[in-house]
Structure formats: structure tokens, C-alpha cells
Amino acid sequence: MFDETYTLNNGVKIPKIGFGTWMIEDNDDAAKAVETAIKVGYRHIDTAEAYGNEIGVGRGVRNAGVPREDIFVTTKLQAEFKNYEEAVAAIDRSLNDLNLDYIDMMIIHSPKPWVEFQNDERFFEGNLAAWRALSEAQAAGKIRAIGVSNFDEIDLQNILDNSDVKPAVNQVLAHIGNVPFSVFEYAQKHDIQIEAYSPFGHGEMLKNENLQQMANKYGVSVAQLGIRYLLQLNTLPLPKATSEAHMTANATVDFTISDDDMAMLNKVTFNDYGEFSGFPVYGGTLD
């Protein structure tokens, strides 16, 4: 699994599964988690300036003992930065905090500032300003690929209509029972790779008895079923784990879900996140 890649629309290859670092807020903890993930075999690490752990993530990448060119590092431009100057400064700040010569991919974290996420304003001009900063950084060799996160079709169209640089990815909330199929279809039409964050529905998905029964059928865990499902939808899952055993299990998905079972899973509706029901990201929280 770790050796498999997708090819982005600019020709850059990206590992098909990534290691997420959201909520690993302490830099020492982040460095340790990243080193462990790379030791397990992960070659794709996902962070964000807003996570507050770029220093630790960069340290983990540097200390892992794997050539830098073999590790794909993604970070995110904060959702609040909707003007060119702020975006330029943030890109350089992420490079400095990660302490890496380049970033493999940087994406706009959200089309709207988090506290504005449920409001009608689309921030079209602000996103174009941020996109221009990312495009220039890519042209300068600071970033290999650029993309977006949490963008709906209308937000993506704004970029496509006003820039010669197409987003390489759109990173969205996606898991069994909560898949934005219209966004998936739009992205596929425009050759934009979908990445799936929170592939386990913040852990609540793992408690679903029906999914457990299907996982038992394949001799896997619900988590493994969820990762395999996303891969068969041609998305790039970004699981997070704290233990080496779970890191390994999340990428041990060498089985195939049947067409009938995929069709059944596509019809599942599941969006009860328990204590995380305020999700996603509204009111200032992060993905």
C-alpha cells in the first residue's frame, strides 16, 4: 500500500494513503508520531499551520532517516488568510516552521474563515488572492503542488475560471455514510484528486454494528473497511493514529470490497459524531 501512488494533474506523484496529524498539538508528540509513521512505512504526512505542529512535523520528517525526496509533506494555508500579503507571509512561515527546503503540497484550508463557514459569503476574491500566492510559490519552487480543502463545486469553479493553475487536490470530509458524491464527480470531471480526511467519522463510525458485520465478512476491522472503501472510490484517505499497531493496521488493506457491498456502502447514511456533532469545523474548530 505504501508504495502505491496517484499522479496529480501536474504530474507529481502522491502516495495513495497519508498520515494525518490533526490534534497532535505538542511539537514533541508530533515529531514522535511522524517518525513512527515513517518507520511503519507511511511516505505521506499531512499537517496544517492551524494545527500548531508544523515545527514537530518537520522535525519528525528530518529525523526519520528516510531521504527527503521520498516523503510527501502537505500543509495548509490558514482559512482566515484571504488576501495576497497574508498568504505570502504564511507560505514562508510554514517553510520556516517545517524547516524544509520545499513543501510537497500546500492547500487552502477552507474557502471561508472557520467562524464564517455557515454564512453565505463565498470569499471568491480572497480565495483568488490566496491562490495567486500559492501559484507564485509553486512557480518559484517552494511548493511542488497546490490545492484546496473543503471547497464545494462553486468554490472550485471560481479557481478554474480565474486561474491557469488547476487545484491538484480537494481535501474533504468523507467516510462510509457521509460521502459528498457531487463534489467527487465534479473533481473527477476536472482531474482534481479527492483526499478524504476524518475517514473514520471521528471514531464514531467504528461503533456502527452494521459496518462491523460487513468488516467481519472480510476478516478486517471497521477502520480497515473504511480505508479500503475510500481507496475503491479513488480517493486518498488520511487516517490518524497514535499507536504503531493502529498505524500499521490502517494501511493493511490488501483486500477488495465486492461491487454489491460497495453499492450497499454507498447507500449508508451516517453522520452522528457523538461528542463531535458540532463538526465539521463550524464555529472556529478545525478539521
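All values derive from a computational prediction rather than experimental measurement.

Enquirer: Hey, could you run me through the side chain of E204 in this one?
Expert: Relative to the helices and strands, E204 resides in the loop between β9 (193-197) and α7 (209-218). Using a relative accessible area of 14% as the deciding quantity, one classes E204 as buried. Engagement of the side chain of E204 in a polar contact is seen with the side chain of K207, the distance being 2.9 Å.

Enquirer: How do you make sense of the pattern of salt bridges when you look at a structure like this?
Expert: Two side chains of opposite charge can pair, provided their charged atoms sit close to one another. Per the counting criterion, the structure on display carries 13 salt bridges. Salt-bridge contacts for D104 lead to R144; the nearest nitrogen and oxygen are separated by 2.8 Å. You can see D104 sitting in strand β6 (residues 103-108) and its partner R144 sitting in strand β7 (residues 143-149), a full 40 residues away along the chain. Owing to a relative accessible area of 35%, R144 belongs among the partly exposed residues under this scheme. Residues E204 and K207 are paired through a salt bridge, measuring 2.9 Å at the closest nitrogen-oxygen approach. Judged by its relative accessible area of 60%, K207 is exposed. Through salt bridges that share partners, R68, D104 and R144 make up one connected network.

Enquirer: Just checking my understanding: could you explain the packing of aromatic side chains for this structure?
Expert: What describes a pair of aromatic rings is the distance from one ring centre to the other and the angle between the planes of the rings. By the definition in use, this model includes 5 aromatic pairs. Ring centres of W114 and F117 lie 5.7 Å apart, and the angle between their planes is 25°; on these two criteria the pair is classed as stacked. Each member of the aromatic cluster is reached from another via a ring pair, and the members are F2, F19 and Y42. Against the face of Y102 rests R68, its NZ or CZ located 4.1 Å from the ring centre. R132 extends its terminal NZ or CZ atom over the ring of Y84, reaching a point 3.8 Å from the ring centre.

Enquirer: I'm lost on the UniProt feature "domain: NADP-dependent oxidoreductase" (unreviewed entry) in the protein chain in this one. Help?
Expert: The sites that carry the UniProt feature "domain: NADP-dependent oxidoreductase" (unreviewed entry) are, in the present numbering, residues 16-268. Structurally, residues 16-268 is divided into 43% helix and 15% strand, and its ends, taken at the C-alpha atoms, are 24 Å apart.

Enquirer: How should I be thinking about the pairing of β9 in this particular structure?
Expert: The two faces of a sheet get side chains in turn, since along a regular strand they alternate between them. For β9, the tally of buried residues reaches 5 of 5 residues, placing the bulk of the element in the interior. What you see with β9 is no split at all: Q193, E195 and Y197 on one side and I194 and A196 on the other are buried throughout. Strand direction decides the pairing type here: strand β8 (residues 169-173) and β9, joined by 5 bridges, are parallel. Residue pairing for β9: L173 is matched across the bridge by Y197. In terms of handedness, the path from β8 via helix α6 (residues 181-189) over to β9 forms a crossover that is right-handed. Examined bridge by bridge, β9 and strand β10 (residues 236-238) share 3 bridges and lie parallel to one another. Counted as the bridge partner of Y197 is L238 from β10.

Enquirer: Even after reading the chapter, I still don't get the packing of helix α2 (residues 54-63) against helix α3 (residues 84-98), so can you show me in this structure?
Expert: Packed helix pairs are characterised by how far apart their axes lie and by the angle those axes make with each other. Where α2 meets α3, the closest approach of the two axes is 7 Å, and the angle between their N-to-C directions is 50°. Considering the angle they form, α2 stands oblique to α3. Contacts between α2 and α3 involve E54, I55, V57, G58 and R62 on the former and, on the latter, S94, D97 and L98. Its residues assigned to classes, the contact of α2 with α3 shows 3 nonpolar, 2 polar and 3 charged.

Enquirer: Which parts of the structure should I look at to understand the environment of N150?
Expert: Mapped onto the fold, N150 is located in the loop between β7 and α5 (153-162). A relative accessible area of 11% means that N150 is categorised as buried. Taking C-alpha positions, N150 is 6.8 Å from N170, a pair spaced 20 residues apart along the chain. A polar atom in the side chain of N150 sits 2.5 Å from the side chain of Y197.

Enquirer: Would you mind going over the UniProt feature "active site" (unreviewed entry) in the protein chain with me for this structure?
Expert: According to UniProt, the positions carrying the feature "active site" (unreviewed entry) are Y51. Within the element layout of this structure, Y51 appears in the loop between β4 (44-46) and α2. For Y51, a relative accessible area of 6% gives the class buried.

Enquirer: Explanation requested: the sheet that holds β10 in the structure shown.
Expert: Each strand in a sheet pairs with another by means of backbone hydrogen bonds, the pair being arranged parallel or else antiparallel. Sheet architecture is open: 8 strands sit in the order β3-β4-β5-β6-β7-β8-β9-β10, paired in parallel fashion. Every other strand in the sheet has two partners, leaving β3 (19-20) and β10 as the edge strands with one partner each. In this sheet, β7 lies alongside β6 in parallel orientation, the contact comprising 5 bridges. By the bridge assignment, M105 is partnered in β7 with A145. Here helix α4 (residues 124-139) sits on the sheet in contact with β5 (72-77), β6 and β7, set at roughly 160° to β7.

Conventions we followed
Residues numbered from 1 in each chain as written. Predicted model: local features only at pLDDT ≥ 70, side-chain atom pairs only at ≥ 80, totals over all residues. Heavy atoms only, no water. Helix = DSSP H or I, 4+ residues; strand = E, 2+ residues; numbered from the N terminus. Buried < 20%, exposed > 50% of the residue type's maximum accessible area, 1.4 Å probe, protein only. Polar contact = N/O pair within 3.5 Å; in protein donor to acceptor, adjacent residues only side chain to side chain. Salt bridge = Lys/Arg side-chain N within 4 Å of Asp/Glu carboxyl O. Phe/Tyr/Trp six-rings, centres within 6.5 Å; stacked < 30°, edge-to-face > 60°. Lys NZ or Arg CZ within 6 Å of the ring centre and 35° of its normal. UniProt positions renumbered as here; feature names shortened; annotations may be inferred. Pairing = 2+ DSSP bridges. Right-handed = clockwise from strand over helix to strand, strands pointing away. Axes fitted to C-alpha atoms, helices over the stretch in contact; angles between N-to-C directions. Parallel < 35°, antiparallel > 145°, perpendicular 65-115°, else oblique. Contact = heavy atoms within 4.5 Å. Nonpolar A, V, L, I, M, F, W, Y, C, P; charged D, E, K, R; others polar.

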